[in-house]
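Given next are the chains, with one letter for each unit.
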Amino acid sequence: MKSRTLLFLLMLFVVSIFALAACGSGEDNEESDTAGENTEEESSNEESSEEEASSGESNQEVNLYTSRHYDTDDELYEKFTEETGIEVNVISGNEDELIERLEREGENTEGDVFITADAGRLHRAKEAGVLQSVESDILNENIPENLRDKDNEWFGLTKRARVIVYDPERVDEEELSTYEALAEEEWEGRVLVRPSDNIYNQSLVASLISINGTEETSAWAEGLVNNFARTPKGNDRDQAKAVVAGEGDVAIMNTYYIGKMINSSDEEEVEVGEQVEVFFPNQETTGTHVNVSGAGVTKHGPNQEAAVEFIEFLSSEEAQGEFSEANYEYPVNPNVEPSELLQSWGEFEEQDLNLTELGENNTEALMLMNEAGWN
């Protein structure tokens, strides 16, 4: 009897122990502990995501392939990085080599933006299939339609006027009028210009093909060649130097080179720049020829959104003002005034045509120049 009583009490004691254990580690508490662990894990994940996002933002970049080589450009790239956190990695080179590189790299390219001088070169990039069309309200607002590609594959960033430069001691401004007039007999042995392989000259001729037609432009080129003061050689600065040296009386060259010479560290260039005068041709007819430096978003670049944002920044009033003040180029943004030096040369009427035509007419222009004997 005592044994049964002891066994019963023992069993009752064991059941009580299990009941107390169940109460001390109930299901609700287990869920609560698990929820707490999940909350900490989610919080940790959120912090990790925020760190990754922050890290991703700071690691944003634009890989720029450019043939431009100005301190002004580098300073603007730094400003863009300061304002956006997007790093600009600059790969400099010859424009044709950069286009070939983009072609060769294809879908594996790291290049996001291509920048070069002259609409003819930009058209080459377009024809090579390395650029893409971009839709941007900001670019459409900041850049006039005629200064961007018809298919929005490139956008002008700065303007250069191709003008007549002369020595006022030997040439009266009243003698000057148009590009076409430089082919007349009175200018025989007086005209200086770069060779035909220069893209600036090719684009000038391409513009005249658009305006005057192939036949008339061909006759003009022949007349101009007959009036060369010497076999074409050198760059635009060399043409101005030759004018001052008396090798010829007038030169065809881009305006921004005069600004560069006037503000050069080379005393000879300063003297030349200050001695010559600028004349804007065709003000009573079709307007002065202008060209652009411009940019396009590459077709396969890995950072396309950042690339568009970068070009938008370069078209902004801030950047456009810098281009004009420090590099003596005319702004494409109509809301920005040219620099004081550019304004001192006076206002002028521009040719009324879309610069896409300069690239479209390039092959014909070069063939026409070679046929005329423009070496």
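An account of the accompanying structure is given in this report. Keep in mind the model is a prediction, meaning the values are calculated, not measured.

Further remarks concern the environment of Gly85. One can find Gly85 in the loop between helix H3 (71-84) and strand S2 (87-92). Among the residues examined, Gly85 registers a relative accessible area of 28% and is labelled partly exposed. Separated by 24 residues in sequence, Gly85 and Glu61 have C-alpha atoms that sit 8.3 Å apart.

Packing of helix H7 (residues 199-212) against helix H8 (residues 214-226) brings their axes to within 7 Å, and their N-to-C directions diverge by 135°. One finds that H7 runs oblique with respect to H8. The way H7 lies across H8 gives a crossing that is right-handed. Note on element contacts: H8 touches H7 through Thr214, Glu216, Thr217 and Trp220, opposite Val205, Leu208, Ile209 and Asn212. Counted by class, the contact of H7 with H8 contains 4 nonpolar, 3 polar and 1 charged residues.

Judged by side-chain charge, Asp71, Asp74, Glu75, Glu78, Glu82, Glu83 and Glu318 come together as a negatively charged surface patch. Position of Glu75 among the secondary structure elements: in helix H3. Residue class for Glu75 comes out partly exposed when judged on its relative accessible area of 44%.

Moving on, we get to the environment of Leu204. Looking at the secondary structure, you find Leu204 in helix H7. Using a relative accessible area of 0% as the deciding quantity, one classes Leu204 as buried. A C-alpha to C-alpha distance of 9.7 Å links Leu204 and Thr288, two positions 84 residues apart in sequence. Apart from residues no more than four positions distant in its own chain, Leu204 is found in contact with Tyr179, Ile252 and His289.

In this section: helix H11 (residues 267-275). Among all positions of H11, only Glu269, Val270, Val272 and Gly273 are buried. Looking straight down H11, one finds that the buried residues subtend no more than 165° of arc, so they occupy a single side. Exposed and oriented more than 90 degrees from the buried face of H11 are Glu267, Glu271 and Glu274. Looking at the buried residues of H11, the elements they touch are helix H9 (236-244) and helix H10 (255-262).

Moving on: unusual backbone geometry. Trans peptide bonds make up the majority, and among non-glycine residues the majority have a negative phi. Notably, Asp118 is not glycine yet its phi reads approximately 90°, a positive angle. If you trace the backbone, Asp118 turns up in the loop between strand S3 (113-117) and helix H5 (119-127). Positioned with a positive phi, Tyr328 is a non-glycine residue whose angle comes to about 60°. Tracing the chain through its elements places Tyr328 in the loop between helix H13 (317-327) and strand S9 (330-331). Taking relative accessible area as the criterion, Tyr328 reaches 13% and is therefore assigned buried.

Reading guide: rules and limits
The residue numbering used here restarts from 1 in each chain and proceeds along that chain's sequence as written. A pLDDT threshold of at least 70 governs which residues receive local features in this predicted model, and a stricter bar of 80 or more applies before side-chain atom pairs are shown or counted, although totals over entire chains, interfaces and linings include all residues. Side-chain measures were taken over the full set of non-hydrogen atoms in the model, leaving aside hydrogen atoms and water. Secondary structure elements follow DSSP: runs of H or I of four or more residues count as helices, runs of E of two or more count as strands, with numbering from the N terminus. The buried label applies to any residue whose accessible area, calculated with a 1.4 Å probe on protein chains only, is under 20% of its type's maximum; exposed applies above 50%, and partly exposed to all values in between. Think of each axis as a best-fit line through the C-alpha atoms, taken over the contacting stretch in the case of a helix, with angles from 0 to 180 degrees between the N-to-C directions. Any angle that is under 35 degrees is reported as roughly parallel, and any over 145 degrees as roughly antiparallel; angles of 65 to 115 degrees are reported as roughly perpendicular and all others as oblique. What makes a crossing left-handed is the near helix being turned counterclockwise from the far one by less than a right angle; a clockwise turn instead makes it right-handed. Whether two residues touch is decided by their heavy atoms; if any such pair falls within 4.5 Å, the residues are in contact. Amino acid classes used here: Ala, Val, Leu, Ile, Met, Phe, Trp, Tyr, Cys and Pro are nonpolar; Asp, Glu, Lys and Arg are charged; the rest, including Gly, are polar. Exposure above 30% relative accessible area and the lack of any salt bridge qualify a residue for a patch; like charges then connect within 9 Å, and the nonpolar side chains Val, Leu, Ile, Met, Phe, Trp and Tyr within 5 Å. Accessible surface area values rest on a Shrake-Rupley calculation with a 1.4 Å probe, where residue burial reflects the displayed protein chains alone. Basic side-chain nitrogens of Lys or Arg form a salt bridge, by our definition, when they fall within 4 Å of a carboxyl oxygen of Asp or Glu. When charges are counted, Lys and Arg are positive and Asp and Glu negative, with His and the chain ends excluded. Charge positions are represented by NZ for Lys, CZ for Arg, CG for Asp and CD for Glu. Think of it as the arc spanned by the lines of direction from the helix axis to the C-beta atoms.

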